[in-house]
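# An overview of the molecular structure
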Amino acid sequence: MDIDSNEILVASDYDRTLANEENNFVISPIVTQKVNEFSKKYKFVVVTGREKKFMDKLAVGLRPTAWILENGSLILFDNKEFVLCEKSWFERDRKKIIEILDSLKARYSIGKVIIYVDGYGSKLNMLKEIEKYGRIEVNRNDAMILPKGVDKGIGVLKFKELTGFKGKIVALGDSENDYALFRVADIKVAVANAIPQIKEIADIVTKNPNGLGVVEILDKILSGNFGKEIDIH
Ligand SMILES: O=C(O)COP(=O)(O)O
Ligand SMILES: [Mg+2]
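Looking at an unreviewed UniProt entry, one finds the chain named Phosphoglycolate phosphatase and attributed to Saccharolobus shibatae. Here the chain is described in UniProt, under the heading Function (unreviewed entry), as follows: "Catalyzes the dephosphorylation of 2-phosphoglycolate." According to its UniProt record, the chain has this under Sequence similarities (unreviewed entry): "Belongs to the archaeal SPP-like hydrolase family."

Time to look at the coordination of the magnesium ion (ligand 2). Looking at the magnesium ion (ligand 2), the protein donor atoms are Asp-13 (OD), Asp-15 (O) and Asp-174 (OD), and they sit 2.2 to 2.3 Å from it. When the donor residues of the magnesium ion (ligand 2) are listed from N- to C-terminus, their spacing reads D-x1-D-x158-D. One end of the pair, Asp-13, is in the loop between strand S1 (8-12) and helix H1 (29-41); the other, Asp-174, is in the loop between strand S10 (168-173) and helix H5 (179-183), and 161 residues separate them in sequence. Judged by its relative accessible area of 3%, Asp-13 is buried.

Mapping Arg-94 onto the fold places it in helix H3 (residues 87-103). For the buried Arg-94, no salt bridge exists, and the shortest N-O distance to an oppositely charged side chain is 6.1 Å, to Glu-70. Engagement of the side chain of Arg-94 in a polar contact is seen with the backbone oxygen of Gly-111, the distance being 3.3 Å. Among all residues touching Arg-94, those that are not within four sequence positions of it are Trp-89, Ile-110, Gly-111, Lys-112, Val-113, Ile-114 and Ile-115.

So, how was this worked out
Residues numbered from 1 in each chain as written. Chains lettered and ligands numbered in written order. Predicted model: local features only at pLDDT ≥ 70, side-chain atom pairs only at ≥ 80, totals over all residues. Heavy atoms only, no water. UniProt positions renumbered as here; feature names shortened; annotations may be inferred. Donors = N, O, S within 2.8 Å, 3.2 Å for Na, K, Ca; no water. Helix = DSSP H or I, 4+ residues; strand = E, 2+ residues; numbered from the N terminus. Buried < 20%, exposed > 50% of the residue type's maximum accessible area, 1.4 Å probe, protein only. Lys, Arg positive; Asp, Glu negative; His and termini not counted. Salt bridge = Lys/Arg side-chain N within 4 Å of Asp/Glu carboxyl O. Polar contact = N/O pair within 3.5 Å; in protein donor to acceptor, adjacent residues only side chain to side chain. Contact = heavy atoms within 4.5 Å.

Below you can see the structure in the form of structure tokens.
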């Protein structure tokens, strides 16, 4: 079944999906050009754990419809910024979490909303105390600490609400923090280099890894051949 243009929103992860680890997560010009071309006709949102300051360095020239940053807690769209958490996160919860991290002598950095904890992906039990104040999301070997109820899927649903989008969501991802993105997707696409657990639940696994896998899907949609590939009910 063919689906027409304004019916598709592509929501793509960044690290190891749009951008390769081998390139230190600097997006390639081919991928940038394809996403910018695509974003003129369809909605394309980048949904990443990263902060804007890193995207400004790594994705120079990339012009998606919107940025969903800090693992779904921040949306940049239409020159506006939307923070998806309550004031209590800043006034109480995040302060408590930082006290705990300091007591653990953990190395962490703070975004506009999120806290990044280096190397704790495999030591989550040490962060148990933190779950009283926030939620922990793993991405390969790093942990991200977010306000409760915030994840990539919530960020995408908020964007849908902001734009009144009613069509189909095509999600592309590679790793644990993309489960939430897949949760809200009509079509789940794993890039060829995704972890096995993500490939297992995907409707489609791209032939190419990273950004070229994303280009594969965008080309199919642009050529009107995507809907045939999978029954979009
Ligand atoms: O910040 C990270 O860990 C990477 O983020 P992403 O894979 O969600 O783009
Ligand atoms: Mg990723």
